[in-house]
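The residues making up each chain are set out below.
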Amino acid sequence: MAVPKAAVALRHVKSVMVRLCPFQTNVETTRIFLEHVNSKKARASNINCVVTTDVRHDGSEPVVDIMFADGDRLIMKGANLTAAEMLSAFNSRCIAKDHKAEEKTKKKGA
């Protein structure tokens, strides 16, 4: 399944941990998400973001655990989601954090 290149920005992300068993049949979407997050352009948006991959051979379902700089956490189970859904959920959370940061700077300036 081809997923169009989505703009992934890691500005507000502290860490991304991807856990997967590569021998499972439902791991493709999680690997595609990892490919987007681990791209040069995404990594350049926050050089302090730690992206780790935990590869297991235990038959466990793929999980993406994202920790944001403000302490929020987003956990996605890739077995039941498409790559587009995972990227959309991640980007919508990042956009919400961008708006929140903009509001804080406007309040400080006022």
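Residues numbered from 1 in each chain as written. Predicted model: local features only at pLDDT ≥ 70, side-chain atom pairs only at ≥ 80, totals over all residues. Heavy atoms only, no water.

In the annotation of an unreviewed UniProt entry, the protein is listed under the name Large ribosomal subunit protein mL53 and assigned to Platysternon megacephalum. Among the UniProt annotations of the protein, the heading Sequence similarities (unreviewed entry) holds the following wording: "Belongs to the mitochondrion-specific ribosomal protein mL53 family." (UniProt positions renumbered as here; feature names shortened; annotations may be inferred.)

(A) Molecular detail of the state of the cysteines. Evaluation of the coordinates by the stated rule reveals zero disulfides. No disulfide involves Cys94; its sulfur sits 9.4 Å from the nearest other cysteine sulfur, which is in Cys49. (Disulfide = S-S within 2.5 Å.)

(B) Spatial organisation of the packing of aromatic side chains. A full pass over the atoms with the stated rule returns one aromatic pair. On the numbers, 5.9 Å between centres and 90° between planes, the contact of Phe33 with Phe90 is edge-to-face. With Phe33 in helix α1 (residues 28-37) and Phe90 in helix α3 (residues 83-109), the pair connects residues that are 57 residues apart, well separated along the chain. Relative accessible area serves as the criterion here: at 1%, Phe33 is assigned to the buried category. Given a relative accessible area of 0%, Phe90 falls into the buried group. The aromatic ring of Phe68 is capped on one face by Lys97, whose charged end is 4.9 Å from the ring centroid. (Phe/Tyr/Trp six-rings, centres within 6.5 Å; stacked < 30°, edge-to-face > 60°. Helix = DSSP H or I, 4+ residues; strand = E, 2+ residues; numbered from the N terminus. Buried < 20%, exposed > 50% of the residue type's maximum accessible area, 1.4 Å probe, protein only. Lys NZ or Arg CZ within 6 Å of the ring centre and 35° of its normal.)

(C) Spatial organisation of the environment of Leu74. Within the element layout of this structure, Leu74 appears in strand β4 (residues 73-77). Assessed through its relative accessible area of 10%, Leu74 is described here as buried. Along the chain, Leu74 and Phe90 lie 16 residues apart, while their C-alpha atoms are 8.0 Å from each other.

(D) Broad picture of the pairing of β4. Burial along β4 is one-sided: Leu74 and Met76 are buried, while Arg73, Ile75 and Lys77, pointing the other way, are not. Pairing of strand β3 (residues 63-68) with β4 involves five bridges; the strand directions are antiparallel. Bridge assignment links Ile66 to a residue of β4, and that residue is Leu74. (Pairing = 2+ DSSP bridges.)

(E) Just the sheet that holds strand β2 (residues 50-55), in detail. With mixed pairing, the four strands of this open sheet are ordered in space as β2-β1-β3-β4. The two strands at the open ends of the sheet, each matched to only one other strand, are β2 and β4. Taken pair by pair, the neighbouring strands of this sheet meet at an average axis angle of 10°, ignoring direction. Those strands touched by α1 are β1 (13-20), β2, β3 and β4, and its axis lies near 150° from that of β1. (Axes fitted to C-alpha atoms, helices over the stretch in contact; angles between N-to-C directions. Contact = heavy atoms within 4.5 Å.)

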